[in-house]
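One letter stands for each residue in the lines below.
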Amino acid sequence: MQALVYHGPGRKQWESKPDPKLEHPADAIVQIDTATICGTDLHILKGDVPTCAEGRTLGHEAVGTVVETGDGVENVRQGDRVLVSCISACGRCRYCREAMYGQCQSGGGWILGHLVDGTQAELTRIPFADNSLYKVPEGLSDEQVLFLSDILPTGFEVGVLNGNVRPGDVVAVVGAGPVGLAAMMTARLYGPSRVVAIDKADSRLEKARSQFGADVTVNSDADDPAEVVMGLTDGLGADVAIEAVGIPQTFELCTDLVRPGGRVANVGVHGHPATLHLETLWIRNITITTGLVDTRSTPTLLRLVSENRLDPQPFATHRFTLDQMMDAYQVFADAAKTNALKVVLTRS
Ligand SMILES: [Zn+2]
Ligand SMILES: [Zn+2]
């Protein structure tokens, strides 16, 4: 088969590789029909994820068809169309039993395209298939469900649910990349009074407003986000501030934007320490949450897409076939110029 293989920082190739085989009774082999690329894949390629070994097939987001299952697999069968979750779950350990699958202690968690070979390939082996694959509801296209592998549950769980967004809230989302936009889209499920999108790229802010549910947009190079948010809230601040960038400045901005008693939900993947201004925060009853996605909301999100309550398709901005993987990476990595949100690669 062909697969996108990581060969150390800055090096990758779409190349031939042996077909994956069942290695454990809980495994399934899935033919990849539709895949996408994640910002995390770019982090790996920069060398930010040293736990990812050279020779690893990248990717943790896909929709496919089950071609083979191990003896222990009960929930899916050969021929089933399935959504591959970015999080694998044993379903049995202490964390899995609390639906905190991202912290699975038995070899699950974020392993695909990281600790085991991933989904940017023609075939992939899915460990713990019963708890890591979801049947695609009848009538839905691959593209309608693809972004439920990762960005939708991440924005929803780590942003909206951790931030405890409630009806009437003013929700400020710092970062209008795919995950920030996913947080805006799913925040709307809770009836906020205002969703404020903050970013430095006008093209992304425009998309946030026209397609992802932002009511107010702020280009932080042109305007002071704190001033705008204070102006909207009688000087109090946002009820919830969601950090979806992953740099110290944006985290610190979130702690400036939030009202006393409010919540800061950090979604961004951080590579450097940020300053926690406890000297000003301690007296203001601020709650700060962090987290890796668990994908416990995936069944709920699938139901919402099925019932037309959520439409993730605007995330798809560029389309390729799987064997155009290298071109797709280039377009995705150059998002500032190409305006790419998510690239969709389909089996030709
Ligand atoms: Zn991802
Ligand atoms: Zn587990």
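The residue numbering used here restarts from 1 in each chain and proceeds along that chain's sequence as written. In the order they appear in the text, chains get letters beginning with A and ligands get numbers beginning with 1. Only residues with pLDDT of 70 or above have their local features reported here, since the model is predicted, and side-chain atom pairs are shown and tallied only from 80 upward, although totals for entire chains, interfaces and linings are computed over all residues. Side-chain calculation: all heavy atoms of the structure are included, whereas hydrogens and water are not.

(A) The pattern of salt bridges, seen in detail. Note on definitions: salt bridges are taken to be side-chain nitrogens of Lys or Arg within 4 Å of carboxyl oxygens of Asp or Glu. Evaluation of the coordinates by the stated rule reveals 16 salt bridges. The network of salt bridges with common partners includes K17, R56 and D117.

(B) Just the nonpolar core, in detail. Nonpolar cores were defined as sets of buried Ala, Val, Leu, Ile, Met, Phe, Trp, Tyr and Cys residues, with membership established by side-chain atoms within 4.5 Å. Each residue gets one of three labels from its accessible area relative to the maximum for its type: buried under 20%, exposed over 50%, partly exposed in between, using a 1.4 Å probe on protein chains only. Ranked by internal contacts, the top residues of the largest apolar core, which has 83 residues, are L133, L152, M184, I242 and F315. It is helix α6 (residues 178-187) that contributes the most residues to this core, 6 residues altogether. The criterion used for residue contact is that any of the two residues' heavy atoms lie within 4.5 Å. Once residues lying within four places of it in the same chain are set aside, the contact partners of I242 are G159, V160, V171, A172, V173, V174, A183, C254, A265 and V267. One finds I198, A241, C254 and I286 within the second-largest nonpolar core, a separate group that totals 19 residues. Numbering of helices and strands runs from the N terminus, with a helix taken as a DSSP run of H or I at least four residues long and a strand as a DSSP run of E at least two residues long.

(C) Structural context of the sheet that holds strand β10 (residues 216-219). Taken together, the 6 strands give an open sheet; going across it, the order is β10-β9-β8-β11-β12-β13, and neighbouring strands pair in parallel fashion. Each having just a single partner strand, β10 and β13 (287-289) make up the two edges of the open sheet. If you compare each strand with its neighbour and ignore which way they point, the axes differ by 15° on average. Of the pairings in the sheet, the one linking strand β9 (residues 194-199) to β10 comprises 4 bridges and is parallel in character. For two strands to be treated as a pair, DSSP must find no fewer than two bridges joining them. Helix axes are fitted to C-alpha atoms over the stretch in contact, other axes to C-alpha atoms as well, and angles between N-to-C directions run from 0 to 180 degrees.

(D) Focus on the packing of aromatic side chains. Each Phe, Tyr or Trp ring (for Trp, its six-membered ring) is paired with any other whose centre lies within 6.5 Å, and the angle between the two planes then decides the class: stacked below 30 degrees, edge-to-face above 60, tilted in between. Counted according to the given criterion, the structure contains 3 aromatic pairs. Ring centres of F212 and F315 lie 4.6 Å apart, and the angle between their planes is 50°; this geometry places the pair in the tilted category. Here the residue F212 occupies a position in the loop between α7 (202-211) and β10, and F315 occupies one in the loop between α11 (298-306) and β14 (316-321), the gap between them amounting to 103 residues. Each member of the pair F212 and F315 is classed as buried. An aromatic cluster of at least three residues, connected via ring pairs, comprises F147, F212 and F315. Above the ring of Y95, the side-chain terminus of R94 is found at 5.3 Å from the ring centroid. Charge over a ring is defined by NZ of Lys or CZ of Arg lying within 6 Å of the ring centre and within 35 degrees of the ring normal.

(E) Seen up close, the environment of D169. Assignment of secondary structure puts D169 in the loop between α5 (151-161) and β8 (170-174). Sequence separation of D169 and V195 is 26 residues, and the distance between their C-alpha atoms is 8.4 Å. D169 has contacts with N164, P192, S193, R194, D239, V240 and R263, leaving out every residue within four places of it along the chain. We define a polar contact as two N or O atoms separated by no more than 3.5 Å, with the added condition that, inside protein, one atom must be a possible hydrogen donor and the other a possible acceptor, whereas residues neighbouring each other in sequence contribute only through side-chain atom pairs. Only 2.8 Å separates the side chain of D169 from the backbone nitrogen of R166, close enough to count as a polar contact.

(F) Structural context of the packing of α6 against α7. Viewed as axis vectors pointing N to C, α6 and α7 meet at an angle of 25°, and their least axial separation amounts to 10 Å. Our classification of the angle between α6 and α7 gives roughly parallel. Crossing of α6 over α7 shows right-handed handedness. Contacts between α6 and α7 involve P178, L181, M184 and M185 on the former and, on the latter, R204, A208 and Q211. Of the residues contributing to the contact of α6 with α7, the split by class is 5 nonpolar, 1 polar and 1 charged. Should an angle lie under 35 degrees it is considered roughly parallel, over 145 roughly antiparallel, and from 65 to 115 roughly perpendicular; all remaining angles are considered oblique. If you view the pair so one helix is near and one far, a crossing is left-handed when the near helix is turned anticlockwise from the far one by less than a right angle, and right-handed when it is turned clockwise. Classification used: nonpolar for Ala, Val, Leu, Ile, Met, Phe, Trp, Tyr, Cys and Pro, charged for Asp, Glu, Lys and Arg, polar for all others including Gly.

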